[in-house]
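What follows is the residue order along each chain.
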Protein chains: 2
Amino acid sequence: MHRDEIPTPALLLDIDRFERNLTRMASHVRAAGKHLRPHAKTHRCPDIAKRQVAAGALGVACAKLGEAEVMARAGVRGLLITTEVVAPSAVRRLTRLAGEAPDTMVVIDHPDNVRALARAAAEDGVTLNVLVDVHVGARRTGTEPGEPALAIGRLAAEQRALRLRGLQGYAGQCAHVMGWAARREASHASMAPLMDTRARFEAAGLTVEIVAGGSTGTYNIDLELPGLTELQAGSYCVMDLDYRRIGGRTGEAMTDFEMALTVVATVVSVAADRVMVDAGLKAFSTDKPFPPEAVERAGFEYGFAGDEHGRLTLTDPARAPKLGERIEFFPPHCDPTFNLYDRVHVVRGTKVEAVWDIAARGRSD
Amino acid sequence: MHRDEIPTPALLLDIDRFERNLTRMASHVRAAGKHLRPHAKTHRCPDIAKRQVAAGALGVACAKLGEAEVMARAGVRGLLITTEVVAPSAVRRLTRLAGEAPDTMVVIDHPDNVRALARAAAEDGVTLNVLVDVHVGARRTGTEPGEPALAIGRLAAEQRALRLRGLQGYAGQCAHVMGWAARREASHASMAPLMDTRARFEAAGLTVEIVAGGSTGTYNIDLELPGLTELQAGSYCVMDLDYRRIGGRTGEAMTDFEMALTVVATVVSVAADRVMVDAGLKAFSTDKPFPPEAVERAGFEYGFAGDEHGRLTLTDPARAPKLGERIEFFPPHCDPTFNLYDRVHVVRGTKVEAVWDIAARGRSD
């Protein structure tokens, strides 16, 4: 199939750019003497996860149990579930998953949850690998660093059916700090309590094989930390407008990784003052305060115009798109854009080389 | 299954409320001597569409061809595709659909598209039912009212393989005008050119069996128009925060239809200053400037905190949610929230009565 034959709106992955992104990140992590367990919440696609592992990743991080179940059943191993698993039925699913993929890890941040996991794992005859989730300023999950984290670690270490592996600290508030120097300062300040917690764990004789954290925004910042063992960056594999604008180590834009993900749309209506495409808020993420951007096509600006429509406001009427014209756009935010599609079309030049299932789409459970 | 056993986050439909909404709208439309072809873009769920038809609807409106294909294959008839079908491969799919469901209608707004549809229909041996899409101020699709619309109507009427059925005019800009009186004034002003276009079609001897338009916001406004034959309201069947706030004919809130759609989440992490639930921007629509609202549960406010997390900021620490607590939320906008889920859990009281596939989820093509 030619890329111009794909029904629109559709999600496209530029495989050349994607492959270069994987190679670049793998080289960077290897040179730093660290590991990579990329976040699969970005793409929810086992075919992408397998390519990340083939490029050297230890496995993938999953935001949710449901995502991890799909990855495991597709044969991906080395899974880390980065949100606490709390509901009783979810804990049962987790022990079943640990039976199928015994190296799966999950994070913990509350003593009640530690005991519930230990009880279920013992009953179901499995060992659960756990990391203590440490709050490093994102105001999401995680126990406070230092003594509170140590208490959770000690409790976990006492449980026969749990195996303490180390720590996780995700400083999400630093991922999109504008400008590399400012971002570096923010991230190092946020991660310092995690490094201190690591030292306390070691002093207490608790296992710290793994200290996981970091994002695409801090990929070349957090690996400077001697105490961090692995990076969880996700978006690097495809990038998006939100990450491109944060600025690189050198330069205004973050160009270390290439923009590999686009949405292709078709012009379905033209009028004197506007041109409408068939891609609206069910085709692009809407959680960022800026719109999709056309790829190498000037003359207009995109604005959301409902569930299924985008309005192109002409800035150069001489270049007004024609009825039936196909236009590609970079999405504002890759993760929730992937999550709108069941499939991604893998294109190399003008050829559709494959269609990959976004098999964990919608699996937030 | 008990509703407390559903893995979270999950989409819930309160079937009692939903059924009352269907009955209320059916009575209202019948009393006005009009018809209803509710917009299935709201739910993308054939099981819901079938219940709407059983309650008296003529069929359902579909925003896109892909939605209509799913509805047709599930046995739903009386389909109206409310966006122009332009791409050559899509036109072929449309003629195939017309072969399977011959009463399907599609809108047109451009002479090139009229000729392309006529050519494909003739080649494929089908007749396509068409409505002229008239622009009534939403700045989306549609030809200008009056002479331009008449020209499209005449061109369609000349095509042997097309059957002109009438007009569509969707004044989306009026749907959420705050306050019933202001909304009525806005809608009647916007719809006047559509009514004038209807008169011109009749004077020119062109068929106007159908004049379709209206929204949940204007359901008891547009049916006052003698020239409108059918209403396209969609959200009325489940409602959402966005429609509730526009105000009813009497009262501050629009309470004519009941809030029947919720997302249930679980508390997965608790801290001194915050409580985290497992539902973030992959669990709720994010296109409105206000957040989800907890159902009959005070003491906190929800804020988005990433793909998979919602942060509950405590307003009454005495009522802080506990680890593992389940909390239901009304979504800001029903259409894109449905579009995040593969299934909706149908609950009556505490019992899960059914699980319906949102079979056209993601079918924006």
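Residues numbered from 1 in each chain as written. Chains lettered and ligands numbered in written order. Predicted model: local features only at pLDDT ≥ 70, side-chain atom pairs only at ≥ 80, totals over all residues.

A. The overall build of chain A, seen in detail. Within chain A, the secondary structure is distributed over 10 helices and 17 strands. In terms of its C-alpha atoms, chain A occupies a principal-axis envelope of roughly 70 × 45 × 35 Å. Put simply, chain A has 365 residues, and 55% of those count as buried. In chain A, 65% of the contacts between residues at least 6 apart in sequence involve partners at least 24 apart. (Helix = DSSP H or I, 4+ residues; strand = E, 2+ residues; numbered from the N terminus. Buried ≥ 20, exposed ≤ 12 C-beta atoms within 10 Å, placed from the backbone. Contact = placed C-beta atoms within 7 Å.)

B. Layout of the interface of chain B and chain A. Chain B puts 53 residues into the contact, and the matching count from chain A is 54 residues. Where the side of chain B that touches chain A is concerned, the elements lending two or more residues are helix H4 (88-100), helix H5 (111-124), strand E10 (261-271), strand E11 (274-277) and helix H10 (334-338) of chain B. In terms of residue count, E10 of chain B provides more of the side of chain B that touches chain A than any other element does, five residues in total. Considered class by class, the residues forming the side of chain B that touches chain A number 18 nonpolar, 17 polar and 18 charged. (Nonpolar A, V, L, I, M, F, W, Y, C, P; charged D, E, K, R; others polar.)

C. View of the sheet that holds strand E4 (residues 79-81) of chain B. All names here are of chain B. With parallel pairing, eight strands are arranged side by side in an open sheet as E2-E9-E8-E7-E6-E5-E4-E3. Each of the sheet's edge strands pairs with one partner strand only, and the pair in question is strand E2 (35-36) and strand E3 (60-62). Sitting on the sheet, helix H3 (residues 65-73) is in contact with E3 and E4, with an inclination near 170° to E4. (Pairing = 2+ DSSP bridges. Axes fitted to C-alpha atoms, helices over the stretch in contact; angles between N-to-C directions.)

D. Focus on the environment of Leu228 of chain A. Residue and element names in this part refer to chain A. Mapped onto the elements of the fold, Leu228 is located in the loop between helix H8 (219-222) and strand E9 (230-231). Using a count of 23 C-beta atoms within 10 Å as the deciding quantity, one classes Leu228 as buried. Considering only alpha carbons, one finds Leu228 and Phe338, 110 residues apart in sequence, at a separation of 29 Å. Beyond its immediate chain neighbours, meaning those up to four positions away, Leu228 contacts Lys34, Val211, Gly213, Gly214, Asp222 and Leu223.

E. A look at the pairing of strand E14 (residues 310-314) of chain A. Residues and elements named next belong to chain A. Relative to E14, strand E11 (residues 275-277) runs antiparallel, the two being bridged by three bridges. Within the sheet, the bridge partner assigned to Val275 lies in E14 and is Leu312. Where strand E13 (residues 300-304) and E14 come together, five bridges link them in antiparallel fashion. Bridge pairing in E14 places Phe300 opposite Leu314. Counted along the chain from E13 to the antiparallel partner E14, the turn is five residues long, and its residue Gly306 has a positive phi close to 105°.

F. Quick look at helix H7 (residues 180-203) of chain B. Residue and element names in this part refer to chain B. The end-to-end C-alpha distance of H7, which contains 24 residues, comes to 33 Å, matching closely the 34 Å that a straight helix rising 1.5 Å per residue would cover. When the local axis directions of H7 are compared, the greatest deviation, roughly 30°, occurs at Ala192, which is followed within four positions by the proline Pro193. Listing the buried residues of H7 in full gives Arg183, Ala186, Ser187, Ser190, Met191, Leu194, Thr197, Arg198 and Phe201. As for H7, its buried residues are in contact with helix H6 (147-158), strand E7 (162-169), strand E8 (210-213) and helix H8 (219-222). Gly205, located one to two residues past H7, shows a positive phi value of around 80°. (Expected span 1.5 Å × (residues − 1). Bend = angle between axes of the 7 residues up to and from the residue.)

G. Highlighting the sheet that holds strand E3 (residues 60-62) of chain A. Residue and element names in this part refer to chain A. With parallel pairing, eight strands are arranged side by side in an open sheet as E2-E9-E8-E7-E6-E5-E4-E3. Because the sheet does not close on itself, it has two edges, and the strands there are strand E2 (35-36) and E3. Pairing analysis gives six bridges linking strand E6 (residues 128-133) to strand E7 (residues 162-169), with the strands arranged parallel. What sits directly across from Asn129, in E7, is Arg163. Along the sheet, helix H7 (residues 180-203) contacts E7 and strand E8 (210-213); its crossing angle with E7, the most-contacted strand, is approximately 155°.

H. Structural detail: the domain arrangement of chain A. Residues and elements named next belong to chain A. By the assigned domains, chain A splits into domain 1 (3-9 + 256-357) and domain 2 (17-238). Inter-centroid distance (C-alpha atoms) of domain 1 to domain 2 is 33 Å. The interface is formed by 13 residues belonging to domain 1 together with 15 residues belonging to domain 2. Looking at the side of domain 1 that touches domain 2, the elements with two or more residues in it are helix H10 (334-338) and strand E17 (351-357). Here the side of domain 1 that touches domain 2 is built from residues that sort into eight nonpolar, one polar and four charged. (Domains from an automatic or database assignment.)

I. Quick look at the relation of the copies chain B and chain A. At an RMSD of 0.0 Å, chain B and chain A line up after a rotation of 180° and a shift of 0.0 Å along the axis. Overall, the copies show the geometry of a two-fold rotation axis. Every residue of chain B has its C-alpha some distance from the rotation axis, and the shortest such distance is that of Thr286 of chain B, at 2.9 Å. Same-surface contact between copies: 100% of interface residues of chain B are shared with the interface of chain A. (Least-squares fit on C-alpha atoms with pLDDT ≥ 70 in both.)

J. Structural detail: the nonpolar core. In this structure, Cys62, Met71 and Ile81 of chain A together with Cys62, Met71 and Ile81 of chain B are the most contacted members of the largest nonpolar core, which totals 225 residues. Once residues lying within four places of it in the same chain are set aside, the contact partners of Cys62 of chain B are Ala40, Lys41, Glu67, Ala68, Met71, Leu79, Leu80, Ile81 and Thr82 of chain B. (Core = buried A, V, L, I, M, F, W, Y, C linked by C-beta atoms within 7 Å.)

K. Structural detail: the pairing of strand E14 (residues 310-314) of chain B. As paired strands, E11 of chain B and E14 of chain B are joined by three bridges and run antiparallel to one another. Each residue of the ladder has a partner; that of Met276 of chain B, found in E14 of chain B, is Arg311 of chain B.

L. Examining the environment of Ser269 of chain A more closely. Within the element layout of this structure, Ser269 of chain A appears in strand E10 (residues 261-270). In the structure, Ser269 of chain A is positioned 121 residues away from Pro148 of chain A in sequence and 59 Å away in space, judged by C-alpha atoms.

M. Unusual backbone geometry, seen in detail. Residue and element names in this part refer to chain A. Here the residue pair Thr8 and Pro9 is connected by a cis peptide bond, since its omega of -5° sits within 30 degrees of zero. Residue placement: Pro9 occurs in the segment before strand E1 (10-14). We note that Glu296 has phi near 45°; this positive angle belongs to a residue other than glycine. Mapping Glu296 onto the fold places it in the loop between strand E12 (293-294) and E13.

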